[in-house]
Amino acid sequence: MEITVNGKPELLNREINLEEFIDDKGLSDSKVAIEYNGEILQPAEWQEVVLTAGDVLEIIKFVGGG
Amino acid sequence: MTDKLELGGEKLASRLLMGTGKFPSKEIIPQAIKAADSQVVTMALRRVDFDSPAENVINYIPEEVILLPNTSGARTAEEAVRIAKLARAAGCGDWVKIEVISDHKYLLPDNQETIRATEILVEEGFVVLPYMSPDLMAAKKMAAAGAAAVMPLGAPIGTNKGLRTQDLVEILVEEIEVPIIVDAGIGKPSHAAQAMELGVEAVLVNTAIATADDPVRMAKAFAQAVEAGREAYLAGAGPVRDYAEASSPLTGFLEEG
């Protein structure tokens, strides 16, 4: 199934929740924020969201800035 | 020292806020923060790039520091609100520097959208520090909306030109109840001291430290200048005159009588 992550298509070969997805991406130790289909989720909610085809994710991190 | 900066419910010993952009390496950032003695540090939010993963800058900011994410990239109040909420969801606290810009040549902030974003984010429980063009009426509206401080620019972002907006900033210092923090344009420690001598409560510096040949040393120089400027403001400068007034007594000269 295909989802969109940060504007790019991404294929998922199994049913996973958001927390697992972040884990797979190696981001679980990092402070990131997720917007799931336009809705900002708190990290505590990631486990409850199982990704389905067509989902749109924005995954945001911190960079240097003034 | 009882002179503390009261900001967002905190009492801060340091009046130098620091940005984390443009540093030659991330490893220098914690050293520069330490040398600057900064207690409030800004950063930006961007999409994670899975093709070229770079380490999260937050891992280089000491834990005791207050994080001040900015809303750079926002062109409207709504975009700024979205970015602020994302920052809070990422677990970096309630503080936010509002930056709403749609002018790409001078990066001058949109005061009107910034006022709207301030109103919304204060309502949402954020500690709001709006970056703004130094305009009295805009500053009054931001303060009335509940901004924790108002942050006028000294000169366009990254220009290192210094306090070109001095007269307007002085009006804000005189008329606005919340702290005035000069943000952007400060290029040298002397500029920071100049701003502090006017009675602004703090300065925010990024480019001037990050792009110095030795950023850590420059961070320390800024800390010293900010402290000197604050002390000078509290000491109260002597009057300026048009004609000389002798410092030595004008009586008892050797050739007298």
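Our structure's up above, just so we're on the same page.
Residues numbered from 1 in each chain as written. Chains lettered and ligands numbered in written order. Predicted model: local features only at pLDDT ≥ 70, side-chain atom pairs only at ≥ 80, totals over all residues. Heavy atoms only, no water.

Participant: Is there a simple way to think about the overall build of chain A in this case?
Facilitator: Broken down by element type, chain A carries one helix and five strands. Helices and strands appear in chain A in the N-to-C order β-β-α-β-β-β. Here chain A has a C-alpha radius of gyration of 12 Å; the compact-globule value for 66 residues is 11 Å, and the two agree. Considering only C-alpha atoms, chain A reaches an extent of 40 × 25 × 20 Å along its principal axes. When contacts within chain A are restricted to residue pairs at least 6 apart in sequence, those whose partners lie at least 24 apart make up 55%. (Helix = DSSP H or I, 4+ residues; strand = E, 2+ residues; numbered from the N terminus. Rg over C-alpha atoms; globule rule 2.2 N^0.38 Å. Contact = heavy atoms within 4.5 Å.)

Participant: Whenever I open this one, the environment of Ala53 of chain A confuses me. Can you help?
Facilitator: All names here are of chain A. Checked against the element boundaries, Ala53 lands in the loop between strand E4 (39-41) and strand E5 (56-64). Expressed as a C-alpha distance, the spacing of Ala53 and Glu15, which sit 38 residues apart in the sequence, is 9.9 Å. Look past the residues within four positions of Ala53 in its chain and what remains in contact with it is Met1 and Glu2.

Participant: I keep staring at helix H8 (residues 215-235) of chain B and nothing clicks. Help me out?
Facilitator: Residue and element names in this part refer to chain B. Taking 1.5 Å per residue, 21 residues should reach 30 Å; H8 reaches 30 Å between its end C-alpha atoms and fits that length. Among the residues of H8, Pro215, Ala219, Phe222, Ala223, Ala225, Val226, Gly229 and Arg230 are the ones counted as buried. Here the buried residues of H8 occupy an arc of 170 degrees about the axis, which is enough to place them on one side. Facing away from the buried side of H8, by more than 90 degrees, are the exposed residues Arg217, Glu227 and Ala235. Against the buried residues of H8 lie strand E3 (16-19), helix H1 (28-36), helix H6 (189-197), strand E10 (202-205) and helix H7 (207-210). Just beyond H8, the residue with positive phi is Gly236, at close to 80 degrees. (Expected span 1.5 Å × (residues − 1). Buried < 20%, exposed > 50% of the residue type's maximum accessible area, 1.4 Å probe, protein only. Arc of directions from axis to C-beta.)

Participant: What am I meant to see in the interface of chain B and chain A here?
Facilitator: One frequent convention defines the size of an interface as the accessible area lost when the parts assemble. Taken together, the contact between chain B and chain A spans 30 residues of the former and 25 residues of the latter. Taken together, the connections running from chain B to chain A amount to three salt bridges. For the salt bridge of Glu35 of chain A with Arg82 of chain B, the shortest nitrogen-to-oxygen distance reads 2.5 Å. Taken together, the links from chain B to chain A amount to 16 residue pairs in polar contact (both at pLDDT 80 or more). Sorting the residues of the side of chain B that touches chain A by element identifies strand E4 (40-47) and helix H2 (77-89) of chain B as the ones contributing at least two each. Take the side of chain B that touches chain A: its biggest share by element is six residues, from E4 of chain B. Classifying every residue of the side of chain B that touches chain A gives 14 nonpolar, eight polar and eight charged. Across five bridges, the pairing between E5 of chain A and E4 of chain B is antiparallel. By the bridge assignment, Gly64 of chain A is partnered in E4 of chain B with Met43 of chain B. (Salt bridge = Lys/Arg side-chain N within 4 Å of Asp/Glu carboxyl O. Polar contact = N/O pair within 3.5 Å; in protein donor to acceptor, adjacent residues only side chain to side chain. Nonpolar A, V, L, I, M, F, W, Y, C, P; charged D, E, K, R; others polar. Pairing = 2+ DSSP bridges.)

Participant: I would appreciate a short explanation of the sheet that holds strand E7 (residues 127-132) of chain B in the present structure.
Facilitator: In a beta sheet, neighbouring strands pair by backbone hydrogen bonds and run either parallel or antiparallel. Residue and element names in this part refer to chain B. Taken together, three strands build an open sheet; the order of strands is E6-E7-E8 and the sheet is parallel. Every interior strand has two partners, whereas the edge strands, strand E6 (95-98) and strand E8 (151-152), have only one. The pairing of E6 with E7 spans four bridges and is classified as parallel. When the bridges of E7 are listed, Val96 appears paired with Val128.

Participant: Sorry if this is basic, but what is going on with the nonpolar core here?
Facilitator: Most often, soluble globular proteins have nonpolar side chains that are buried together. Judged by nonpolar contacts, the single largest core of 66 residues is most densely connected at Phe62 of chain A together with Val203 of chain B. The greatest single-element share of this core, amounting to eight residues, is contributed by H2 of chain B. Other than its neighbours up to four places away in sequence, Phe62 of chain A contacts Lys31 of chain A together with Met43, Ala44, Leu45, Asn56, Val57, Ile58, Pro69, Ala87, Ala90 and Cys92 of chain B. The next biggest cluster of nonpolar side chains, apart from the first, holds 18 residues, and it includes Ile3, Phe21, Val32 and Trp46 of chain A. (Core = buried A, V, L, I, M, F, W, Y, C linked by side-chain atoms within 4.5 Å.)

Participant: Any chance you could explain the side chain of Thr42 of chain B here in plain terms?
Facilitator: Along the polypeptide, Thr42 of chain B turns up in strand E4. Within the local environment of Thr42 of chain B, its side chain forms a polar contact with the backbone oxygen of Gly65 of chain A, the two atoms lying 2.9 Å apart. Every residue in contact with Thr42 of chain B, bar those within four places of it in the chain, is listed here: Gly65 and Gly66 of chain A together with Met18, Gly19, Thr20, Leu68 and Leu204 of chain B.

Participant: Would you explain the pattern of salt bridges in this entry?
Facilitator: Pairs may arise between side chains of opposite charge once their charged atoms sit close together. Per the counting criterion, the structure on display carries 16 salt bridges over all chains. Its salt-bridge partner being Glu10 of chain A, residue Lys25 of chain A comes within 2.8 Å of it at the nearest N-O pair. Of the two residues, Lys25 of chain A is situated in the loop between helix H1 (18-24) and strand E3 (32-36) and Glu10 of chain A in strand E2 (residues 8-11); the sequence distance between them amounts to 15 residues. Judged by relative accessible area, Lys25 of chain A falls into the partly exposed class, the value being 29%. In this structure, a network of salt bridges that share partners links the residues Asp3, Arg15, Glu201 and Arg230 of chain B.

Participant: I tried to follow the environment of Ile83 of chain B on my own but got confused; where do I start?
Facilitator: Residues and elements named next belong to chain B. Examined against the element boundaries, Ile83 turns out to sit in helix H2. For the pair Ile83 and Arg46, spaced 37 residues apart in sequence, the C-alpha separation works out to 9.3 Å. Not counting chain neighbours up to four residues away, the residues in contact with Ile83 comprise Leu45, Asn70, Thr71, Ser72 and Ala74.

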